[in-house]
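Spelled out from the first residue to the last, the chains are:
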Amino acid sequence: MTLDWNAFTPWPALAGGLLIGLAAAMFVLLNGRIAGISGILGGLLKPVRGDTGWRVAFVAGLIGAPWAYAAFSALPRVQVDAGYGVLAAAGLLVGIGTRYGAGCTSGHGVCGLSRLSPRSLAATAAFMAAGFAVVFLVRHLFKL
């Protein structure tokens, strides 16, 4: 493995991480809710009166943010080195894992770890280990 030092840009990643952390902290402090995407989106599937407006606004912000960024700068080129079957299977497995883990990477990995939740630590360790194992299997054993 080699590191492309010309493409190594830690400052934008640090700024993005700080913004995500600040947004998650503000969300829990101002709304008393965890910024877990699966929970927010799942709440839209079974709407409760008076509880959908902020959820729609949150999801609209997730979708609209890249468009707002594109208004000021070129979006980075995205390259996915997987076929549609692998992507469909990955999405299905992530959905199943989110249900079994009672949360997603944003809920457990960002918000739960920052609250020092033991359940979130276990969930984050489990999904990271599963991700490492799947990447190893797909890239080195199955050569997909």
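Our structure's up above, just so we're on the same page.
Being a predicted model, the structure only gives us computed values, none of them experimental.

Caption draft 1: Structural view of the overall build of the protein chain. Across its full length, the protein chain holds six helices and zero strands. Scanning the protein chain from its N terminus toward the C terminus, one meets helices and strands in the order α-α-α-α-α-α. Dimensions along the principal axes, computed over C-alpha positions, put the protein chain at roughly 50 × 40 × 30 Å. Taken across its 144 residues, the protein chain has 15% of its residues classed as buried.

Caption draft 2: Representation of the packing of aromatic side chains. Counted by the stated rule, this structure contains three aromatic pairs. When the ring of phenylalanine 27 is compared with that of tryptophan 54, the centres are 5.6 Å apart and the planes differ by 50°; the resulting orientation is tilted. Of this pair, phenylalanine 27 sits in helix H1 (residues 10–31) while tryptophan 54 sits in helix H3 (residues 53–70), and the two are 27 residues apart along the sequence. Overall, phenylalanine 27 belongs to the buried group, its relative accessible area being 12%. Classification of tryptophan 54 by relative accessible area gives partly exposed; the value is 24%. Feature note: the residues Phe27, Trp54 and Phe58 constitute an aromatic cluster, connected by ring pairs.

Caption draft 3: Looking closely at the environment of histidine 108. Relative to the helices and strands, histidine 108 resides in helix H5 (residues 105–114). For the pair histidine 108 and threonine 98, spaced ten residues apart in sequence, the C-alpha to C-alpha distance is 10.0 Å. Residue contacts for histidine 108: discarding those within four places in its chain leaves Gly101, Ala102, Gly103, Leu113, Arg119, Ser120, Ala123, Thr124 and Phe127. A polar contact is formed between the side chain of histidine 108 and the side chain of serine 120, at a distance of 2.9 Å.

Calculation notes
Residues numbered from 1 in each chain as written. Predicted model: local features only at pLDDT ≥ 70, side-chain atom pairs only at ≥ 80, totals over all residues. Heavy atoms only, no water. Helix = DSSP H or I, 4+ residues; strand = E, 2+ residues; numbered from the N terminus. Buried < 20%, exposed > 50% of the residue type's maximum accessible area, 1.4 Å probe, protein only. Phe/Tyr/Trp six-rings, centres within 6.5 Å; stacked < 30°, edge-to-face > 60°. Contact = heavy atoms within 4.5 Å. Polar contact = N/O pair within 3.5 Å; in protein donor to acceptor, adjacent residues only side chain to side chain.

Distances and angles like these do not, on their own, reveal function.
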